[in-house]
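Chain by chain, the residues:
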Amino acid sequence: MLLHSLAHHRDAGAALSQYAAVSLQQYAATRQVLALCAPQADTPPALLDFACGYGRLLRMLSLAQSPERIWAADIQADAVAFVSACLGVHGLPSHAQPARFVPPRQFDCIWVASLFSHLPEALLRAWLQRLLALLTPTGVLCFSVRDAALLPAGVCLPQSGILYATDSENADLDPAIYGTAFASEQFVRAALRDAAGELPCVRLPRALAQEQDLYVVARDPRRQLSGLDGFRRGPWGWLDRRKLDARGLVVLQGWAASFDEGAIARIDIAVDDQRHTCGSGHPRADVREAFDDPRFADAGFGFSLQLPAGIREVWLEVSACSARGERALLFAGPVAADGHV
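One structure accompanies this document, and this report is about it. (Residues numbered from 1 in each chain as written. Predicted model: local features only at pLDDT ≥ 70, side-chain atom pairs only at ≥ 80, totals over all residues. Heavy atoms only, no water.)

## Focus on the side chain of Asp 147
Using the following cut-off: Helical segments are the DSSP runs of H or I of at least four residues, strand segments are the runs of E of at least two, and each set is numbered from the N terminus. Exposure is judged per residue with a 1.4 Å probe applied to protein chains only, and the accessible area is read against the type maximum: over 50% gives exposed, under 20% gives buried, and values in between give partly exposed. Polar contact is the term for a pair of N or O atoms within 3.5 Å; when the atoms are in protein, one must be able to donate a hydrogen and the other to accept it, and sequence-neighboring residues count only if both atoms are side-chain atoms. Here, two residues are considered to be in contact whenever any of their heavy atoms come within 4.5 Å of each other.
For Asp 147, the position within the fold is in the loop between strand S5 (135–145) and strand S6 (162–165). Accessibility expressed as a relative area gives 13% for Asp 147, which makes it buried. A polar contact is formed between the side chain of Asp 147 and the backbone nitrogen of Ala 149, at a distance of 2.9 Å. If we ignore the near neighbours within four places in the chain, the residues touching Asp 147 are Phe 182, Ala 183, Ser 184, Glu 185, Arg 203 and Asp 213.

Structural data, given as structure tokens:
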């Protein structure tokens, strides 16, 4: 995913910042689901990060709870070896055939970020059935789906409710089993019923990286998922422009918003050891249109700082902070005098 971001932005600072921002947002979402799994338990719930990749979530989660209670599975053997060796979690090799994935235990929570958004219909249904069977009697499955609302203009779902294309950001995986999928809520809920009958299920629109929908499913038909009524998506944004000129002038432009309240509380900016804040309020019709949210019409911000002439490079950190203290990383990295715009 980092290499995909780097190829898209052609800028190491932007790619690393985006990777870390998604990690932090995914971690915040996971913690809310884990709190639902075991709100008063002394022992953290046993969690399986399925299709873990190289640990975008696990880099954060393994610092917050004991790695002894975390299992990680992926079809890429080198990814499993990496997260096991570097993050101390239990590694589990996955398989292209769901029936051949046989871990040594069941799990209180199975987290599946951005896998079902890449599977063809038959494989999606098979993995739903397999993973639901691996839950403890009180366990929950949380997985993300790319909703039909994200389809490119002029493209519609077929009658089945799912559209699959063989292209993806991971060229190492067989496109017959890993591509790009869009699915309707009706399709997802029908697939769940076919896999395990009527189970409690909550859909959280745009809850993963403010893009993919999260579905939380309880294995116990009597389980209440009302604890997710107050689910927080948190702040989000992007630094569109960062520049340091030869005169020492730092210029920043971007946007930030809260996906819960709309308006952001403030933008925190660090330029080397100098810390500053600014607000939003600049018109950003493009952001409003991209997210179809009128609250984001004035999500833009701008900031400038005059440094002594002759400074050729600074370390820049920019984050958005919500009224409740939640943060989203917009950028962290060096900015040289030849600049990035």
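## Notes on the sheet that holds strand S15 (residues 313–321)
As a reminder, the rule being used: DSSP bridges decide pairing: two strands pair if at least two such bridges lie between them. Convention adopted: a line fitted to C-alpha atoms gives each axis, helices being fitted over their contacting stretch, and angles between N-to-C directions are expressed from 0 to 180 degrees.
Strand order in the open sheet made by the four strands is S13-S12-S15-S16, with antiparallel pairing throughout. A single partner strand is all that each edge strand has here, and the edge strands are strand S13 (274–278) and strand S16 (327–336). Strand after strand, the sheet turns through a mean of 15° between neighbouring axes, direction not considered. In terms of strand pairing, strand S12 (residues 266–271) meets S15 through six bridges, oriented antiparallel. Its bridge partner lying in S15, Asp 268 is registered against Ser 319.

## Points about the layout of surface pockets
Under the convention used in this document: Here the term cavity refers to a set of points on a 1 Å grid, laid over the protein atoms alone, in which a 1.4 Å probe fits but cannot get out; the term pocket refers to an open set having protein on both sides within 12 Å along at least five of seven lines, with lining residues being those that place an atom within 4 Å of a point. Grid points are joined across faces, edges and corners, and a volume is the space filled by probe spheres set on the points.
Considered as a void within the structure, the second largest pocket measures approximately 280 Å³ in volume. Residue lining of the second largest pocket: 17 residues in total, with Leu 24, Gln 25, Ala 28, Glu 326 and Arg 327 positioned closest to the centre. Ranked by residue count, the leading element in the lining of the second largest pocket is helix H2 (residues 12–37), at eight residues.

## Thoughts on the sheet that holds strand S8 (residues 201–208)
In any sheet, the strands associate via hydrogen bonds between backbone groups, in a parallel or an antiparallel arrangement. Here seven strands make up an open sheet; going across it, the order is S3-S2-S1-S4-S5-S9-S8 and the pairing mixed. With partners counted over all chains shown, the strands left at the sheet margins are strand S3 (90–93) and S8, one partner each. When strand polarity is set aside, the average angle formed by the axes of neighbouring strands in this sheet is 20°. Sheet topology places strand S4 (residues 107–112) next to S5; five bridges connect them, and they run parallel. Paired with Trp 111 across the two strands is Cys 142, which belongs to S5. In this fold helix H6 (residues 185–196) packs onto S5, S8 and strand S9 (212–218), with an angle of close to 135° to the strand it touches most, S8.

## Section: the environment of Gly 248
By the element assignment, Gly 248 lies in the loop between strand S10 (235–244) and strand S11 (249–258). We classify Gly 248 as buried; its relative accessible area is 0%. When the C-alpha atoms of Gly 248 and Gln 306 are compared, they prove to be 5.8 Å apart, with 58 residues separating the residues in sequence. Among all residues touching Gly 248, those that are not within four sequence positions of it are Leu 305, Gln 306, Leu 307, Pro 308 and Ala 309.

## Section: the packing of aromatic side chains
As a reminder of what qualifies: Between the rings of Phe, Tyr and Trp (Trp by its six-membered ring), a pair exists once the centres lie within 6.5 Å; its type follows the angle of the planes, with under 30 degrees stacked, over 60 edge-to-face, and the other angles tilted. For a Lys NZ or an Arg CZ to count as sitting over a ring, it must be within 6 Å of the ring centre and within 35 degrees of the ring normal.
Here the structure, examined in full by the defined rule, presents eleven aromatic pairs. Judged by centre distance (5.6 Å) and plane angle (55°), the rings of Trp 255 and Phe 291 are tilted. Remark: Phe 291 occurs in helix H7 (residues 285–291) and Trp 255 occurs in strand S11; sequence separation between them is 36 residues. On the basis of relative accessibility, which here comes to 8%, the residue Trp 255 falls in the buried class. For Phe 291, a relative accessible area of 18% gives the class buried. Between the aromatic rings of Phe 259 and Phe 296, the centroid separation amounts to 5.0 Å while the plane-to-plane angle is 70°, which identifies the pairing as edge-to-face. In this pair, Phe 259 sits in the loop between S11 and S12 while Phe 296 sits in the loop between H7 and strand S14 (300–306), placing the two residues 37 residues apart along the sequence. Neither Phe 259 nor Phe 296 differs from the other in exposure class; each is buried. Site record: aromatic cluster; members linked through ring pairs are Trp 255, Phe 259, Phe 291 and Phe 296. In this arrangement the basic side chain of Arg 146 is found over the ring face of Phe 182, its NZ or CZ atom lying 5.5 Å from the centre.

## Describing the pairing of S8
For a regular strand, side chains alternate in direction, first toward one face of the sheet and then toward the other. Strand direction decides the pairing type here: S8 and S9, joined by five bridges, are antiparallel. Bridge pairing links Leu 204 to Leu 214 in S9.

## Digging into unusual backbone geometry
Only a minority of non-glycine residues have a phi that is not negative, and only a minority of peptide bonds are not trans. In this structure, Ala 51 is a non-glycine residue whose phi angle is positive, near 60°. With respect to the secondary-structure elements, Ala 51 resides in the loop between strand S1 (47–50) and helix H3 (58–64). For Ala 51, a relative accessible area of 24% gives the class partly exposed. Phi at Ala 209 is positive, roughly 55°, even though this residue is not glycine. For Ala 209, the position within the fold is in the loop between S8 and S9.

## A look at a negative patch on the surface
Let me state the cut-off plainly: Candidate patch residues must exceed 30% relative accessible area and have no salt bridge, after which like charges are joined if within 9 Å and Val, Leu, Ile, Met, Phe, Trp or Tyr side chains if within 5 Å. For the area figures, the Shrake-Rupley method with a 1.4 Å probe applies, and any residue is considered shielded solely by the protein chains shown. Salt bridge, as applied in this entry: a Lys or Arg side-chain nitrogen positioned within 4 Å of an Asp or Glu carboxyl oxygen. We score Asp and Glu as negative and Lys and Arg as positive, and we do not count His or the chain ends. Lysine's charge is taken at NZ, arginine's at CZ, aspartate's at CG and glutamate's at CD.
Residues Asp 272, Asp 273, Glu 313 and Asp 338 make up a contiguous surface patch of negative charge. Inspection of the secondary structure puts Glu 313 in strand S15. For Glu 313, a relative accessible area of 51% gives the class exposed.

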